[in-house]
4 protein chains.
Amino acid sequence: MSRLPPLSGIPADLVSAADYQRHARQRLDENALVYLEGGAADELTCQANLQVWQEWALLPRMLRDLRGGHTRCRLLGQELQHPILLAPVAYQQLFHAEGELATAMAAGVMGGAAVLSSFSSTSLEAVAEVAQGPLWFQLYWQGDGERTLALAERAAAAGYQALVLTVDAPVSGVRNREQRAGFQLPEGVRAVNVDESPRLPELQSGQSPVFDGLLALAPRWDEVAWLCRHSPLPVLLKGILHPADARQAMQAGAAGVIASNHGGRVLDSQLPAVKMLPAIRQSVGAEALLLVDGGIRRGTDVLKAIALGADAVLIGRPYVHAQATAGALGVAHLLKLLREELEVGMALCGCRELADITPELLVRL
Amino acid sequence: MSRLPPLSGIPADLVSAADYQRHARQRLDENALVYLEGGAADELTCQANLQVWQEWALLPRMLRDLRGGHTRCRLLGQELQHPILLAPVAYQQLFHAEGELATAMAAGVMGGAAVLSSFSSTSLEAVAEVAQGPLWFQLYWQGDGERTLALAERAAAAGYQALVLTVDAPVSGVRNREQRAGFQLPEGVRAVNVDESPRLPELQSGQSPVFDGLLALAPRWDEVAWLCRHSPLPVLLKGILHPADARQAMQAGAAGVIASNHGGRVLDSQLPAVKMLPAIRQSVGAEALLLVDGGIRRGTDVLKAIALGADAVLIGRPYVHAQATAGALGVAHLLKLLREELEVGMALCGCRELADITPELLVRL
Amino acid sequence: MSRLPPLSGIPADLVSAADYQRHARQRLDENALVYLEGGAADELTCQANLQVWQEWALLPRMLRDLRGGHTRCRLLGQELQHPILLAPVAYQQLFHAEGELATAMAAGVMGGAAVLSSFSSTSLEAVAEVAQGPLWFQLYWQGDGERTLALAERAAAAGYQALVLTVDAPVSGVRNREQRAGFQLPEGVRAVNVDESPRLPELQSGQSPVFDGLLALAPRWDEVAWLCRHSPLPVLLKGILHPADARQAMQAGAAGVIASNHGGRVLDSQLPAVKMLPAIRQSVGAEALLLVDGGIRRGTDVLKAIALGADAVLIGRPYVHAQATAGALGVAHLLKLLREELEVGMALCGCRELADITPELLVRL
Amino acid sequence: MSRLPPLSGIPADLVSAADYQRHARQRLDENALVYLEGGAADELTCQANLQVWQEWALLPRMLRDLRGGHTRCRLLGQELQHPILLAPVAYQQLFHAEGELATAMAAGVMGGAAVLSSFSSTSLEAVAEVAQGPLWFQLYWQGDGERTLALAERAAAAGYQALVLTVDAPVSGVRNREQRAGFQLPEGVRAVNVDESPRLPELQSGQSPVFDGLLALAPRWDEVAWLCRHSPLPVLLKGILHPADARQAMQAGAAGVIASNHGGRVLDSQLPAVKMLPAIRQSVGAEALLLVDGGIRRGTDVLKAIALGADAVLIGRPYVHAQATAGALGVAHLLKLLREELEVGMALCGCRELADITPELLVRL
């Protein structure tokens, strides 16, 4: 089955994230789709991430004075036009020739921020060059502190403004969909910024590839604290779900926490992150920077996430769908749609600004 | 696919609102159907409106003396034969050549009331002329008080008995189904009573079409209070869901409140109005006029709405299905079916009159 | 489509009530099926009746001494081999040529009891003649006490041992499935025991066929008390769901109560009767006779009903499926299956007799 | 339809228990499938066993030091590499020519234990001969203590290390799927270890085949206590769900309890065993040996079972699917998959060993 090429304009029937998913599925080959859409094991967490938003209904407020309202927010000292960040997604040249460049351009044009994956298929410097707005750099622990710090310093030198250390994937997820399909990176697509992977220890007989292999290279709390102390950039920890871990992250010197289950790609039957938001917010206090991702497809989801305690949100697969459909233009358009949905939701819930979005807007179903 | 013409009689298999929906789908073109059946975004609230009624089961009472029972109610000093009003629906000539005339005639013949939309495709005076029962007039805020009052006075002069100010749609809903289908009004169908829309302010760069555009024309509590003071007719506020807003409405001088989420057409993932009824009733007190709409398809739904605190209900899409199927005759027949279902429900729940319908009849499932 | 004739033996694949339903659907014509399977309005209560049993799970007990266990029960002074009665079902000649005769024979052969409908298509005396076990007679109020008592005395004279006064259908249900299909009794099938229906009062203009028509003929508490005093037989009231009504029934002199929603055929969105059983049992006390029907398809359902407070249960549609499939033989076989399922359930829950079946066996899901 | 032969290697698309089920369905004939996949009555408990695991979500913990972690456990004084035992399944030659031999070999190779069914189609001595790890022997009460003890002693002599006395099937389940399909053992497959079934008592007229027949041969608490006292091997009781029964089992001298509903094959609408685990653990105390089975298909299910109180788990149908697909190789591979999933789950939940798996990891949904 031949695949459709990317669009160079936005047709009138592209009016929501779901439409971009539909279009992307006509444009991506099976290999890329399996990687993009799949998750761990039975993908129950992937589904839960999408459905969890329906556990809260909105209780709107009427007739308030909302003139001059806006969606601006300030993260790490930088003002953004809206609280919708682009999450780190690896190997974006799988989805569109411009890959991570398209992402960074679109985020900047729309007044927002993007997080570049350390498995970017484009050099982090090249991405920084085209960006018109703030960029953050996602990284994995590189086996030891020095290697990790070196990568952080390279990102800082290129102009990135924050680090996002992903802590929820010390071992690979059991991604059965990828395994069944035999997913592999096509020629020419690779993680260009982290060429040499840390070397795994040699296992002795009876040792576990998980406990004695991968986990030997995984970071621990004291190492993370070391990184926070030495990093040239503020460090957010991504992949935290337990309120006690969130507090420990702040105590270790993190600049913030991203509540996430990694898009359901690592451990199936995990909780959707948004369900833990209120407890995490309570644990870290009102001032700590707290973001969330997972299953956000509508401006009303953003509204709910903020009502439950988030300062901002990240989207992942949806912007890749838009990128696959129409490159940077698609990503920018999707951001515009989501922001407008957020504005409409705020207006109908009587909120002039993000700070007005409180738990009282929600009814638990 | 050719569409069936309206019926001039009622076939024996038309015995419920669901049957009229089925028939209407065979008679309306795609453009009209998209407008009628669609809602905001993913239409989750549309679906919730329908399903919410199953959250309560009826617990019937036996062997009471019910002779002389009836469904009469008194709203704004006027006696109606039953508590099922026809909600404002715009552009009814989309659905049947007689449009709003059919609606008004049917309501009157059945001893009930209809609410004319300010986006009526028929002149409000012409509708008033054919009506045989009470008519209310729905209006949107016309950008300022004077224009709004002028419209109200025109309705009063034509004989309308109450105003229904819709407050839950200061900005357009994100109606993806309409957008995807490219819905537009066919030639000859337009809002004949409010030809000139209020002019939107010109936006400066960086301003939001929502907050700085539409909301600049939206009413606020003080303006609504002003309207209530100067209106020649009692003013109900439609689109209230929060109990505090309901109380504020009464304090602002409203004659009553219509709990509604606008048929799920404005903000998706809103709560079904009926879920808020008990709290709203408690908030406004036993004497305040309180109506509800959303998803009512059976007389038992009416019974439940009243048990939860409503004085009366409004139906929307169901009577348009009946109108599309058989014009005024269809609408009258549908009202007869619903009233009979209500009577049977009352009889089996041991209720002689609407005042006997109390929360004790319901079991929360 | 030609229909299959009834069977004269039981094939090996008929091993449950569900199998009989499947067979019956191949044997009954559409008219009979619509009447048998249909219910009120959207048939939500019909479905709820079936599904409600899954709200409780069984928590079995092991290794008790169960030798000599049995399913016998004593109702109104008469010992039955099992607590599964055949509910009154009208017009059984619709389903099998032997109609009510088959039902009565099967019940007796299996050591149980049957309740003859007052809309029996066979004379009550003829049914009594073939019966080999206890028969009860179901009746509707005949418009006044004298006519009702006359029918009761006729049943007593024929040997019936109890009366079941159905009180939950003073008005007809809104049976849309029947209406849509144009159901009517075929020639030769009629209610032979109550030829003359009570005459409805003539309605004046504006009067309600429900409140001023049917309900004028419906019984009230004082009339029921009068019947209980004068009846030659004990009177059970069938169709009670509210605990207060159940207590009032006992105070009015009833010999017992049958908790029922009339198979979902009268008022849709009513509660399944079994959900009210514990409250009814508490209301009427441990000694009162309390039966239940609605959706029982398995011996484990019987077990649950008894655990929740019933002394015995009635089945309706399932035995008609069996009758349509294989006449009296089918009905007897179905009773055998259900009784065996009940025995197995009792054995695995550590119950030697019905009195051992207590609420502790159930876990609410 | 011709069936596929077993595989001699593991294709790349076999990456989970679900994949083995899919493969097994292509390889087993209808007769074997009906026996393997079916359960009691409507198979509601079979389904519930599978779905119950989704009632808990995992709440992972990050950045702990997990080096040197492992899945080892010690049961009855014997160390196993992982806590996933192979449950007793009868007549395994139905599924693969090597039947129980394949099972025992695979369990041993993977460092685990298997439980041989007393309805094994292979002699218990032959199985013991090929085993490379601990074997337990499942037995039913043989009608009296002496016969039961004789079987136990034969197992002990052959090297089995524990007895698993199944107490939840004193009467046969109502397995409608088997009945409808006319399941029977093919020639050559039979229970070779218990050739002579205990003789049922002759029933007198009116006696129940359940209460007076099968249950006359079923064991009771005092007999079980006698067996525990005289048995050459520790005795676990399998099929306990009620906490009081679990405590009584320990008081009767049992070496442990296996919470189980027999794969949903005996009494439909029973509770999934895992739902009772916390209460059973509380009842028997922290030191008692407690296992569970039912619906385990993923390493995360094992994790949840242990978090809820189990020391180890058993799997049944899944390893038969693997056996049918690829014999001993398939069973070993499935165990490897499940153990790896467990390791990944432990790693992401911050658990170095099984003792770290506590209820705090779970969130009730």
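Our subject is the structure listed above.
So, here is what we can say about the structure in this document. (Residues numbered from 1 in each chain as written. Chains lettered and ligands numbered in written order. Predicted model: local features only at pLDDT ≥ 70, side-chain atom pairs only at ≥ 80, totals over all residues. Heavy atoms only, no water.)

Digging into the relation of the copies chain B and chain A
No. 1: For these two chains of identical sequence, chain B goes onto chain A by a turn of 90° and a shift of 0.1 Å along the axis, with RMSD 0.0 Å. Considering both components of the superposition, the chain copies are consistent with a four-fold axis. No C-alpha of chain B lies nearer the rotation axis than that of B:Leu365, which sits 9.3 Å from it. (Least-squares fit on C-alpha atoms with pLDDT ≥ 70 in both.)

Quick look at the packing of helix H12 (residues 299–307) of chain C against helix H13 (residues 317–348) of chain C
All names here are of chain C.
No. 1: Relative orientation of the contacting elements H12 and H13 amounts to 60°, with a least axis distance of 7 Å. Here H13 runs oblique to H12, going by the angle between their axes. Seen along the crossing, H12 lies across H13 with a hand that is right-handed. Where H12 approaches H13, its residues Gly299, Val302 and Leu303 are matched on the opposing element by Leu338, Glu341, Leu342, Gly345 and Met346.
No. 2: By residue class, the composition of the contact of H12 with H13 is 5 nonpolar, 2 polar and 1 charged. (Axes fitted to C-alpha atoms, helices over the stretch in contact; angles between N-to-C directions. Helix = DSSP H or I, 4+ residues; strand = E, 2+ residues; numbered from the N terminus. Parallel < 35°, antiparallel > 145°, perpendicular 65-115°, else oblique. Left-handed = near helix turned anticlockwise from the far one by under 90°. Contact = heavy atoms within 4.5 Å. Nonpolar A, V, L, I, M, F, W, Y, C, P; charged D, E, K, R; others polar.)

Examining the interface of chain B and chain A
Often, the extent of an interface is quoted as the loss of accessible area on bringing the components together.
No. 1: Contact residues are listed per partner, giving 37 residues for chain B and 36 residues for chain A.
No. 2: Between chain B and chain A lies a buried interface of about 3,000 Å² when both sides are counted; carbon and sulfur atoms form 65% of it.
No. 3: Of all residues in chain B, the largest losses of buried area upon contact with chain A belong to B:Phe211, B:Arg220 and B:Leu267, amounting jointly to 23% of the total for that side.
No. 4: There are 3 salt bridges connecting chain B and chain A.
No. 5: For A:Asp19, the salt bridge identified is with B:Arg180, shortest N-O distance 2.7 Å.
No. 6: At the surface where chain B touches chain A, the tally comes to 14 residue pairs in polar contact (both at pLDDT 80 or more). (Buried area = accessible area lost by both parts, 1.4 Å probe. Salt bridge = Lys/Arg side-chain N within 4 Å of Asp/Glu carboxyl O. Polar contact = N/O pair within 3.5 Å; in protein donor to acceptor, adjacent residues only side chain to side chain.)

A short note on unusual backbone geometry
No. 1: Here the phi dihedral of B:Ala41 falls at roughly 50°; this positive angle occurs in a residue that is not glycine.
No. 2: With respect to the element layout, B:Ala41 can be found in the loop between helix H2 (30–37) and helix H3 (44–51).
No. 3: Of note, C:Leu63 is a non-glycine position whose phi angle comes to about 70°, a positive value.
No. 4: By the secondary structure assignment, C:Leu63 is in the loop between strand S1 (56–58) and strand S2 (73–75).

What about helix H6 (residues 145–158) of chain B?
Residues and elements named next belong to chain B.
No. 1: Under the 1.5 Å per step criterion, the end-to-end length of H6 is 20 Å for 14 residues, consistent within 8% with the ideal 20 Å.
No. 2: If you check which residues of H6 are buried, you get Gly145, Thr148, Leu149, Leu151, Ala152 and Ala155. Buried residues of H6, seen end-on, are gathered within an arc of 160° and therefore sit on one face of the element. Across from the buried face of H6, at angles greater than 90 degrees, the exposed residues are Glu146 and Ala157.
No. 3: Its side-chain oxygen at 3.1 Å from the backbone nitrogen of Glu146, Asp144 defines the N-terminal cap of H6.
No. 4: Phi turns positive, to about 105°, at Gly159, one or two residues after H6. (Expected span 1.5 Å × (residues − 1). Buried < 20%, exposed > 50% of the residue type's maximum accessible area, 1.4 Å probe, protein only. Arc of directions from axis to C-beta.)

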